[in-house]
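# Secondary and tertiary structure notes
Spelled out from the first residue to the last, the chains are:
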Amino acid sequence: MVPRTDEAVFDAFRRWGYLAADLDPLGCMQPLAPPELSLEGEAAARARRCYCGSIGAEFMHIPDAERRQWIAERMETDPPPVDSARVLERLIRAGLFEPVLQSRYIGTKRFSLEGIVALIPVMDEMLDAAADRGAEQMVLGMSHRGRLNVMVHIVGKSAEDVFARFEDVDPRSFLGGGDVKYHLGATGDYVTAHGADVEIHLVSNPSHLEAVDPVALGRARAKQARLCARGTTCVLPLLLHGDAAFAGQGTAAETLNLANLDGYTVGGTVRVVVNNLIGFTANPQDTSSSRFAADVAKRLPIPIFHVNAEDPDAAVRAARWAVEYRYQFHSDVVVDLIGYRRHGHSEIDDPTTTQPVRYRRIAVLPPVWESYARRHQFDTAPRVAEIRGELEAALKRARTIRKNPLLRQLPSYWDAFQGGAYDPAMEVDTAVRAEELSAIGKLLVRVPAGFSIHPKVKKLLDQRVQMTEGRHAIDFGTAELLAYGSLLRQGTPVRLTGQDSRRGTFNQRHATLFDTETEAAYTPLANMALQQPAFEVYDSPLSEAAVVGFEYGYSRDYPETLVLWEAQFGDFANGAQVYIDQFIAAGEDKWGLLSGLVLLLPHGYEGQGPEHSSARVERFLQLAARDNMQICQPTTAAQCFHLLRRQALRRWRKPLVVFTPKGMLRHPAAASPLQELTSGRFLTVITEGELMDATRVLVATGKIVHELRAERKKRGDTHTAIVALEQLYPFPEKELIAALNQLPAAREVVWVQEEPANMGALFFLMPRLRRLAKPRAVRSVKLSASPSPATGSVKAHEVQQKTLLALAFATAKAV
Ligand SMILES: Cc1ncc(C[n+]2csc(CCOP(=O)(O)OP(=O)(O)O)c2C)c(N)n1
């Protein structure tokens, strides 16, 4: 064999050493001895000491040599001493917290950190390293494991406040709402080893594992945006992942993909896999196809430091490197902290039925503070007694607390906004003067000198100028951009993301223009004036879940911004269902947290098949309660304009779901005269004054309204009125009653929808219509119930649509 140079020997260990490193405190992982490491001699012994100890670094897949060298230097140099007294203090505190809780609240879930309490000194070190580099805030996303411990030892909540939640001291504050204690967000201050103050923002999260990841990053991005150039330095995002969840949940993988994208980067996220080598009852070999749960992170060219959690000095060292690496290279980085889980998944769960051998081994392991103190020859007895005494005193005090102790204040940038019930007094003027619209129209088409616009786009832009001068009716795409332009000029930042959103899926937006010679991108709305609020528009990655989570997070920390996410077609939003159910619909109810996020969901039956027709109106309506969100379907460009402006200009911060048109985008019937933008407001219900003697009323929402009007015209029908329901929720009851009252001769009210009977607004509307249309007869016209939203045949669609219209105009025999 060719003799190996020391460099080549080291290279083998740099590449494969992590596979033979001493990472698993219980020895559950199958040992691996890659043949590349079967080298002998002095260099091999040195390399083995560097690469096969308690830290296994995976970094040779990183293409950038400088980054590899940065890591190799640290792995191959004697580490600076760790402040072992500080580490021990944190191990004891975190280690005792759990048994004290257990002693008082037997049989209550707490998702103990025992077996991996090194997490607390790891986070302490990360905060110190980050503060050394300028961090002032940390946004922390994590799930259940160790959350209460983190609340007390990192966020700085008092132990008695957390204990009081176990006492369930203030049930009235939760009646019909609220959340369990290990989901609650919290804000606090952390004083680092070097005396710096770091604000900690622990993000509220649902049970859905890893769902919080993109929300935390969206929040971090918003906080960074507030700080402009200092943002990525001052705000450190930290995510704690469960091992099984990280390996399995698609959101985690989608979120990793956001790391280096312009629209989503946060300058690097530090990630810790809190790896207890078990997921509820399942073993790693059943939950991950590769050796390490953290392997999913190898989709990015970033280092992964696997580290044995029973060696807190090594864990703390890896923690510092991770943060330093993030700051040095603005990159994501992973610490895979491998320990064990001392109890069952929760403390009411007996793990010995599924992992009896492992749990016999765990039963004889001392807490890590004991082994650490022995290694460093500390006498812990007095300190342990003191801390235990403190915790027991906190337990006693907790029983005297009467008010829900973990209620939170929103940051001051929320002062100008409110949630709660809808109040008409919050309505604002959304009309814009004609001169202003004309000025914006001109700005929309202004490009830098020498910029070559595509001739088709040029034609559209020329039309836009004419529209804003009142020479043509305004179409949807133009109305939308006018809404953004006018808001920007009034001081409201706008952030719009979605797949292909810069151009627009239906070629309708052209918010960004592309030079035909160079492909350079230019966004007129971002370049209207030197001092203007940010206009951001990004083509998102092909993800629904993580990007919706991200925008929700962004909206949580930038309420002044109009934040919009657009689905390519409305049906694809169900890829983000967790965010719709758990955050958008329920966030205010569970956590008292507000969001003004807008979802733009193209909707309408146009013969494009099951997945390109419906935005699942019914699902949103089913989630609607206690004014938790707004669900609207504007039928005209002007309505869209006023709706978007209303969302930004009102103090009320509520998610807004907009069912947007596709084919109708350029339809003359949906276009609006300029005067409808220069006057008026968003109308929740649109009526027709001229049909006072109508005997029938059709009530509908969206595109079908236009089709009904066209059909009525075709038939020369003069006894049917059509009422457009532009807002479905909060239900505009008063406005609808007023609309019906304008039609005293009407004896029949018909709800017409293009969706099947088990979908659309039918279930929501019919009981309401029956109640408020009394004594008129109420019936409905819809497609037959169907498991799939729409037919795949264009011709079948045409037949269905024709039948719907015919039925809508057929007078019921009973009336
Ligand atoms: C999306 C989702 N699926 C399933 C569950 C149920 N569940 C709760 S914890 C858990 C195991 C998690 O294992 P891991 O990620 O390793 O974290 P650990 O509890 O071991 O810290 C499961 C399956 C859930 N909460 N969320």
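One can find the structure itself at the top, above this paragraph.
All of the points below concern the structure found in this document.

Reading guide: rules and limits
- Residues numbered from 1 in each chain as written.
- Predicted model: local features only at pLDDT ≥ 70, side-chain atom pairs only at ≥ 80, totals over all residues.
- Heavy atoms only, no water.
- Axes fitted to C-alpha atoms, helices over the stretch in contact; angles between N-to-C directions.
- Helix = DSSP H or I, 4+ residues; strand = E, 2+ residues; numbered from the N terminus.
- Parallel < 35°, antiparallel > 145°, perpendicular 65-115°, else oblique.
- Left-handed = near helix turned anticlockwise from the far one by under 90°.
- Contact = heavy atoms within 4.5 Å.
- Nonpolar A, V, L, I, M, F, W, Y, C, P; charged D, E, K, R; others polar.
- Buried < 20%, exposed > 50% of the residue type's maximum accessible area, 1.4 Å probe, protein only.
- Polar contact = N/O pair within 3.5 Å; in protein donor to acceptor, adjacent residues only side chain to side chain.
- Pairing = 2+ DSSP bridges.
- Salt bridge = Lys/Arg side-chain N within 4 Å of Asp/Glu carboxyl O.
- Near = heavy atom within 4 Å.
- Areas by Shrake-Rupley, 256 points an atom, 1.4 Å probe, with all protein chains shown as cover.
- 1 Å grid on protein atoms, 1.4 Å probe; cavity = no way out; pocket = protein on both sides within 12 Å on 5 of 7 lines; lining within 4 Å.
- Sits in = over half its atoms within 2 Å of the grid points.
- Points joined across faces, edges and corners; volume = space filled by probe spheres on them.
- Lys, Arg positive; Asp, Glu negative; His and termini not counted.
- Phe/Tyr/Trp six-rings, centres within 6.5 Å; stacked < 30°, edge-to-face > 60°.

## Things to note about the packing of helix H26 (residues 703-715) against helix H29 (residues 794-809)
Any two packed helices are characterised by the angle at which their axes cross and by the distance between the axes. Running from amino to carboxyl end, H26 crosses H29 at an angle of 65°, the nearest separation of the two axes being 10 Å. Our classification of the angle between H26 and H29 gives roughly perpendicular. In this structure, H26 crosses over H29, and the sense of that crossing is right-handed. Across the interface between the two elements, Lys703, Ile704, Glu707, Leu708, Glu711, Arg712 and Arg715 of H26 pack against Gln801, Leu804, Leu805, Ala806, Ala808 and Phe809 of H29. When the residues that make up the contact of H26 with H29 are grouped by side-chain class, the tally is 7 nonpolar, 1 polar and 5 charged.

## Describing unusual backbone geometry
Cis peptide bonds are those with omega within 30 degrees of zero, and the linkage from tyrosine 729 to proline 730 qualifies with -10°. With respect to the element layout, proline 730 can be found in the loop between strand E20 (727-729) and helix H27 (733-741). Phi angles above zero are rare outside glycine, and glutamate 210 is one such case at about 70°. Position of glutamate 210 among the secondary structure elements: in the loop between strand E4 (197-202) and helix H8 (212-226). Assessed through its relative accessible area of 4%, glutamate 210 is described here as buried.

## Description of helix H3 (residues 65-75)
Looking only at H3, the buried set comprises Trp70, Ile71, Ala72 and Met75. Those residues of H3 that are buried lie in contact with helix H1 (6-16), helix H2 (42-51), strand E1 (55-58), strand E7 (304-308) and helix H13 (312-329). The backbone nitrogen of glutamate 66 has a side-chain oxygen 2.9 Å away, supplied by the residue at the start of H3, namely aspartate 64.

## Some remarks on the sheet that holds strand E12 (residues 535-539)
The strand order across the open sheet built from 7 strands is E12-E9-E13-E14-E16-E15-E20, with neighbouring strands paired in mixed fashion. Where the open sheet ends on each side, the last strands, each with one partner, are E12 and E20. Ignoring strand direction, the axes of neighbouring strands in this sheet form an average angle of 20°. In terms of strand pairing, strand E13 (residues 562-566) meets strand E14 (residues 598-602) through 3 bridges, oriented parallel. Considered in E14, the bridge of glutamate 566 is made with leucine 600.

## Overview of the pattern of salt bridges
For the structure shown, the criterion picks out 52 salt bridges. Across the pair arginine 219 and aspartate 557 runs a salt bridge, and its minimum N-O distance is 2.4 Å. Remark: aspartate 557 occurs in helix H20 (residues 545-557) and arginine 219 occurs in helix H8; sequence separation between them is 338 residues. Given a relative accessible area of 6%, arginine 219 falls into the buried group. The partner of arginine 650 in a salt bridge is glutamate 427, with the nearest N and O atoms 2.8 Å apart. Of the two residues, arginine 650 sits in the loop between helix H24 (637-649) and strand E16 (656-660) while glutamate 427 sits in the loop between helix H16 (381-398) and helix H17 (434-444), which places them 223 residues apart along the sequence. Accessibility assignment for this pair places arginine 650 and glutamate 427 in one class, buried.

## Regarding the site of the ligand
Within the structure, the ligand sits among 15 residues, and His144, Arg145, Ser207, Asp243 and Ala245 are positioned closest to it. Within the contact set of the ligand, a nitrogen atom lies 3.2 Å away from a backbone nitrogen or oxygen of leucine 209. At a separation of 2.9 Å, an oxygen atom of the ligand approaches a polar backbone atom of alanine 244. Look at the ligand: alone it shows 590 Å² of surface, and the protein chains cover 74% of it. With respect to the pocket detection grid, the ligand is positioned in the largest pocket. In terms of residue count, helix H10 (residues 243-248) provides more of the shell around the ligand than any other element does, 3 residues in total. When its residues are assigned to classes, the shell around the ligand shows 5 nonpolar, 8 polar and 2 charged.

## Some details on the pairing of strand E3 (residues 186-191)
Side chains Ala186, Gly188 and Tyr190 project from E3 onto a buried face, and the interleaved Thr187, Asp189 and Val191 project onto a face without burial. Here 6 bridges tie E3 to E4, and the two strands are oriented antiparallel to one another. Bridged to glycine 188 within E4 is isoleucine 200. The antiparallel pairing of E3 with E4 creates a hairpin that spans 5 residues between the two strands, and glycine 195 there sits at a positive phi of about 85°.

## Examining empty space enclosed by the protein
Empty space among the atoms becomes visible once a probe the size of a water molecule is rolled across them. Summed over all chains, the structure comprises 11 cavities of 30 Å³ or more. Taken as a whole, the largest cavity spans an internal volume of roughly 140 Å³. Taken together, the elements giving at least two residues each to the lining of the largest cavity come down to helix H19 (476-489), E14 and E16. Split by residue class, the lining of the largest cavity holds 8 nonpolar, 3 polar and 3 charged. Lining of the second largest cavity is provided by 16 residues; of these, Asp243, Asn275, Leu277, Pro284 and Ala293 occupy positions nearest its centre.

## Some details on the side chain of aspartate 627
Positionally, aspartate 627 belongs in the loop between helix H23 (617-623) and strand E15 (630-632). Summary of buried charges: aspartate 627 has no salt-bridge partner, and the nearest side chain of opposite charge, lysine 654, is 6.4 Å away. Excluding residues within four positions of it along the chain, aspartate 627 makes contact with Gly420, Ala421, Tyr422, Trp652, Lys654, Tyr729 and Pro730.

## With respect to the sheet that holds E3
Strand pairing in a sheet takes place through backbone hydrogen bonds and is either antiparallel or parallel in direction. Judged by pairing direction, the sheet is mixed, and its 8 strands sit side by side in the order E1-E7-E8-E6-E5-E2-E4-E3 without closing on themselves. The sheet is open, and its two edges are formed by E1 and E3, each paired on a single side. The sheet shows a mean angle of 20° between the axes of neighbouring strands, direction not considered. Pairing between strand E2 (residues 137-141) and E4: 4 bridges, direction parallel. Bridge pairing in E4 links leucine 140 to leucine 202. Against the sheet, helix H6 (residues 147-155) engages E2, E3 and E4, with an angle of about 50° to E3. Against the sheet, H8 touches E2, E4, strand E5 (235-242) and strand E6 (270-275), its axis set at about 175° to E5.

## Describing the packing of aromatic side chains
Counted according to the given criterion, the structure contains 22 aromatic pairs. With a centroid separation of 6.0 Å and an interplanar angle of 45°, the aromatic rings of tyrosine 18 and phenylalanine 292 are classed as tilted. Taken as a pair, tyrosine 18 in the loop between H1 and H2 and phenylalanine 292 in the loop between helix H12 (284-287) and E7 lie far apart in primary sequence, 274 residues in all. A relative accessible area of 11% places tyrosine 18 in the buried class. With a centroid separation of 5.9 Å and an interplanar angle of 55°, the aromatic rings of phenylalanine 451 and tyrosine 522 are classed as tilted. You can see phenylalanine 451 sitting in the loop between H17 and helix H18 (455-468) and its partner tyrosine 522 sitting in strand E11 (residues 521-522), a full 71 residues away along the chain.

## Topic: the pairing of E13
The buried fraction of E13 is high, at 5 of 5 residues. Here E13 shows a buried face lined by Leu562, Leu564 and Glu566 and a second buried face lined by Val563 and Trp565. Alignment of strand E9 (residues 494-498) against E13, held across 5 bridges, turns out to be parallel. In the sheet register, glycine 498 faces E13, and the bridge partner there is glutamate 566.

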